[in-house]
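# A closer look at the structure
Below, each chain spelled out in residue letters.
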Amino acid sequence: MSHSALIVPDMNQSRRFDVIVTIKREGCSLPDPAEFVRAARRAASNRAVCGELMFACTAEKVITSMVVAGTADESSALALALGVVSEALRDLGASPTR
């Protein structure tokens, strides 16, 4: 009797999570979009962020989208993404607001 199984490449690899972080303006000014993008890319380079970060800026919000890999679950991926955004804001001298 023969036995066959489906083998998926890299099936032991950690899952990937798409995370979107939105910074709202609440009584303070938002960071310069170009400077924020540079700071966020620097912050992400030392973490498990895959591929390009994507950004959208409006008059009231900065929206950051990233793919996080190497984390066990969604909560860990979200914490890592928030860390990237928080570090970028800290580098720019801004403070994150909720």
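In what follows, the structure referred to is the one given above.
The following paragraphs examine the structure supplied in this document. (Residues numbered from 1 in each chain as written. Predicted model: local features only at pLDDT ≥ 70, side-chain atom pairs only at ≥ 80, totals over all residues. Heavy atoms only, no water.)

### Examining the overall build of the protein chain
Assigned secondary structure in the protein chain consists of two helices and three strands. Along the protein chain, helices and strands appear, N-terminal first, in the series β-α-β-β-α. Across the 98 residues of the protein chain, 29% fall into the buried class. Here the analysis covers contacts within the protein chain between residues at least 6 apart in sequence; of these, 67% occur between residues at least 24 apart. Summing over all exposed atoms, the protein chain offers an accessible surface of approximately 6900 Å²; the carbon and sulfur share of this is 51%. (Helix = DSSP H or I, 4+ residues; strand = E, 2+ residues; numbered from the N terminus. Buried < 20%, exposed > 50% of the residue type's maximum accessible area, 1.4 Å probe, protein only. Contact = heavy atoms within 4.5 Å. Areas by Shrake-Rupley, 256 points an atom, 1.4 Å probe, with all protein chains shown as cover.)

### Observations concerning the environment of Ser-65
Structurally, Ser-65 can be placed in strand β3 (residues 61-69). Put simply, Ser-65 and Ala-81 are 16 residues apart on the chain and 8.8 Å apart in space, counted from C-alpha to C-alpha. Here Ser-65 is in contact with Val-19, Ile-20, Glu-52, Leu-53 and Met-54, once residues within four sequence places are set aside.

### Thoughts on the side chain of Thr-64
Of note, Thr-64 is situated in strand β3. Overall, the relative accessible area of 0% leaves Thr-64 in the buried class. Ignoring sequence-local partners within four residues, the contact set of Thr-64 consists of Val-19, Ile-20, Val-21, Phe-36, Met-54, Phe-55 and Val-85.

### Some thoughts on the packing of aromatic side chains
Per the counting criterion, the structure on display carries one aromatic pair. Here the aromatic rings of Phe-36 and Phe-55 are separated by 5.9 Å at their centres, their planes lie at 85 degrees, and the arrangement is edge-to-face. A residue pair is termed long-range when its members are at least 10 positions apart, and Phe-36 in helix α1 (residues 33-45) and Phe-55 in strand β2 (residues 49-57) qualify at 19 residues. Phe-36 gets classed as buried once you look at its relative accessible area, which sits at 0%. (Phe/Tyr/Trp six-rings, centres within 6.5 Å; stacked < 30°, edge-to-face > 60°.)

### Observations concerning helix α2 (residues 74-91)
Within an α-helix, residues lying three or four positions from one another point in the same direction, as the helix has 3.6 residues per turn. For α2, spanning 18 residues, the distance from its first C-alpha to its last is 26 Å, which sits close to the expected 26 Å at 1.5 Å a residue. When we look at burial in α2, the residues that qualify are Ala-77, Leu-80, Ala-81, Val-84, Val-85, Glu-87, Ala-88 and Leu-89. (Expected span 1.5 Å × (residues − 1).)

### Things to note about the nonpolar core
Grouped together as the largest cluster of nonpolar side chains are 21 residues, with contacts concentrated most on Val-19, Phe-36, Val-49, Met-66, Val-68, Val-84 and Val-85. Broken down by secondary-structure element, the contributors of at least two residues to this core are β1 (16-24), α1, β2, β3 and α2. Looking at this core element by element, the count peaks at seven residues for α2. Sequence-distant contacts of Phe-36, defined by excluding residues within four places in its chain, comprise Ile-23, Pro-31, Phe-55, Val-62, Thr-64, Val-85, Ala-88, Leu-89 and Leu-92. (Core = buried A, V, L, I, M, F, W, Y, C linked by side-chain atoms within 4.5 Å.)

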